[in-house]
Amino acid sequence: MKWLSLEATASVAYKEFLHIYRDRRVLLLVLTLPPLFTLLFGHAFETGELTGVPSLLIDRDNTPPAQEFIDIISKNKTFRWRRGSPATKNESDLLAHGVRAALVIPKGWDESLENGDPKPLLLYLDGGDINTADAVEGSVRQSLGDFQLKQRDRMIETLPEEVFELGKQLPVQIRKRFVSMMEMWTVDRKVLYNPKARVIDFVVPGIIGLILQLLTVTLMACTIARERESGTLYQLMVTSLRRREIVIGKMLPYLVVSALLVVVIMLVSRLHFGVVFYQLPALAVICLLFLLCSLGLGLLISAFSHTQTQAIQFSVFFLLPVFVLSGAFAPLEQLPKAVRYISELFPLTHFCRAFRLVNMYHAAPNFYVADLVVLLAGAFITFLGAAFLLKRIEQ
């Protein structure tokens, strides 16, 4: 006896294809959401550079050096400055001013620089978004450093000649150390794997995985539940069809549709965002195993759901933590260690890791084979679980 009848499986798959085609709402959802979500997510993460942060600038010193510093920091693209009156009393009320940061140059700042005891600039930051606050503070420090370098160079140029004559009397080694201490020390920076530091290249696997899992798990979860609600599931059970033929037949149409969606998403990412994809055969294997695992999860949810509403509820319950804990948009290392163990249970975690190892790191298979094994095991377990639940329905 054959383990699997291709004709029987094809008949179930054909029936499911017809249902997808005839359900215009599902068809519209499948055709429009993936490219739309790709564009939305892609533009949200297109660049990692923070620009145009609304900020308030108050100059209470009103001296030429203060104005010179303002000219430097005004060229910093991180900020979108709005000048405030020196008489402003509530500069710390960022919400009232409609800004995310406020920078105050205190009165007497220039004089304190001349006396060698510089007053600190007052910087108020919106701590509601920690990443923005850190980036804004870093940009202010960078502009202040540029201003300080200009002041130092100007001071050296105005030193009297006697100082240079005295300096020539110092030992050569001391002079070299002095010059080294006066210059900004540098780092020879070489960025590997993502040399352009594009955030979009990092989050593309997360975009692909989230869109596919959102559609595959949700739609697949409704298949058997829909048959159960309409009363046709028991008719399928009493036919000569085996449970594995029903399971595979139900899965095949969504696998084909999902594979096409992968191509569409990758085309949009390549043409619109300039994301380059490498080692396409390896990426195809990773996507295939991830799709099988996601479809298996949807089928398992569908098998123990009595209604389509229940199936959707279970799907949402599964997908919600995936958005945060899978490392789709942020490195897993940022999560607490205990939470990281939980993230390893999600197929999207292994998909994103394997996809990045191939596409960004051009890694050999031995670096991501463990993730492929997990995805393959997940597909087997979920399909076997769905078949077992169908057996209980049959009984």
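Bear in mind that the values here come from a model prediction, so they are computed numbers and not experimental data. (Residues numbered from 1 in each chain as written. Predicted model: local features only at pLDDT ≥ 70, side-chain atom pairs only at ≥ 80, totals over all residues. Heavy atoms only, no water.)

Attention shifts here to the overall build of the protein chain. Looking only at helices and strands, the protein chain has 17 helices and 4 strands in total. Relative to its full complement of 395 residues, the protein chain shows a buried share of 42%. Intrachain contacts of the protein chain at a sequence separation of at least 6 include 80% that bridge at least 24 residues. In the structure as shown, the protein chain presents an accessible area of about 22700 Å², 63% of it carried by carbon and sulfur atoms. (Helix = DSSP H or I, 4+ residues; strand = E, 2+ residues; numbered from the N terminus. Buried < 20%, exposed > 50% of the residue type's maximum accessible area, 1.4 Å probe, protein only. Contact = heavy atoms within 4.5 Å. Areas by Shrake-Rupley, 256 points an atom, 1.4 Å probe, with all protein chains shown as cover.)

On the secondary structure map, phenylalanine 351 appears in helix H16 (residues 347-359). The class for phenylalanine 351 is buried, based on a relative accessible area of 0%. Spatially, the C-alpha atoms of phenylalanine 351 and glycine 206 are 8.5 Å apart, while their sequence positions differ by 145 residues. Every residue in contact with phenylalanine 351, bar those within four places of it in the chain, is listed here: Pro205, Ile208, Gly209, Ile286, Cys287, Phe290 and Leu375.

This brings us to the pattern of salt bridges. Throughout the structure, instances matching the rule amount to 6 salt bridges. The salt bridge partner of arginine 353 is aspartate 371, with a shortest N-O separation of 2.8 Å. Of this pair, arginine 353 sits in helix H16 while aspartate 371 sits in helix H17 (residues 369-394); the two residues are 18 residues apart in sequence, bridging distant segments of the chain. Among the charged side chains, a network of salt bridges with common partners joins Glu344, Arg353 and Asp371. (Salt bridge = Lys/Arg side-chain N within 4 Å of Asp/Glu carboxyl O.)

Counting buried residues in strand E3 (residues 101-105) gives 5 out of 5 residues, a clear majority hidden from the surface. Covered by surrounding structure in E3 are Ala101, Leu103 and Ile105 together with Ala102 and Val104, the residues of both alternating faces. Here 5 bridges tie strand E1 (residues 53-59) to E3, and the two strands are oriented parallel to one another. Pairing of serine 55 across the sheet is with alanine 101, part of E3. (Pairing = 2+ DSSP bridges.)

This structure, assessed with the given rule, holds 9 aromatic pairs. Ring geometry for phenylalanine 277 versus phenylalanine 355: centroids 6.2 Å apart, planes at 90 degrees, classification edge-to-face. Within this pair, whereas phenylalanine 277 is found in the loop between helix H12 (243-273) and helix H13 (280-303), its partner phenylalanine 355 is found in helix H16, the two being separated by 78 residues in sequence. Residue phenylalanine 277 is classed as buried on the basis of its relative accessible area of 14%. Phenylalanine 355 sits in the buried class, given a relative accessible area of 0%. An aromatic cluster of three or more residues is present, and its members are Phe277, Phe290, Phe351 and Phe355. Of note, arginine 356 hangs over the ring of phenylalanine 202, and the distance from its end group to the ring centre comes to 3.8 Å. (Phe/Tyr/Trp six-rings, centres within 6.5 Å; stacked < 30°, edge-to-face > 60°. Lys NZ or Arg CZ within 6 Å of the ring centre and 35° of its normal.)

Below, the discussion takes up the side chain of asparagine 359. Along the polypeptide, asparagine 359 turns up in helix H16. Here asparagine 359 falls in the buried class, since its relative accessible area comes to 7%. In this structure, asparagine 359 is in contact with Val276, Phe277, Tyr278 and Leu283, ignoring residues within four places of it in sequence.

Another point: the confidence of the model for the protein chain. On average, residues of the protein chain score 81 in pLDDT, and 87% of them are at 70 or above. Considering each helix and strand of the protein chain separately, the mean pLDDT is smallest for helix H11 (residues 232-237), with a value of 63, and largest for H16, with 92. (pLDDT = per-residue confidence, 0-100.)

A few words now on the environment of threonine 88. Checked against the element boundaries, threonine 88 lands in the loop between strand E2 (79-84) and helix H4 (94-97). Take threonine 88: its relative accessible area is 14%, and that puts it in the buried class. For the pair threonine 88 and arginine 60, spaced 28 residues apart in sequence, the C-alpha to C-alpha distance is 9.5 Å. The residues touching threonine 88, leaving out its near neighbours within four places in the chain, are Ile58, Arg60 and His97. A distance of 2.7 Å separates a polar atom in the side chain of threonine 88 from the backbone oxygen of serine 85. (Polar contact = N/O pair within 3.5 Å; in protein donor to acceptor, adjacent residues only side chain to side chain.)

For the rest of this paragraph, the subject is the sheet that holds E2. In space, the 4 strands of this open sheet follow the order E2-E1-E3-E4, with mixed pairing throughout. Edge positions in the sheet fall to E2 and strand E4 (122-125), since each has one partner strand and no second. The average undirected angle you get between the axes of adjacent strands in this sheet is 20 degrees. The strands that helix H3 (residues 64-74) touches are E1, E2 and E3; relative to E3, the one it contacts most, it runs at about 155 degrees. (Axes fitted to C-alpha atoms, helices over the stretch in contact; angles between N-to-C directions.)

Spanning 23 residues, helix H9 (residues 199-221) covers 32 Å between terminal C-alpha atoms, matching the ideal 33 Å at 1.5 Å per step. Along its length, H9 shows its largest kink, about 30 degrees, at proline 205. The buried fraction of H9 amounts to 19 of the 23 residues, a majority that puts the element mostly inside the structure. (Expected span 1.5 Å × (residues − 1). Bend = angle between axes of the 7 residues up to and from the residue.)

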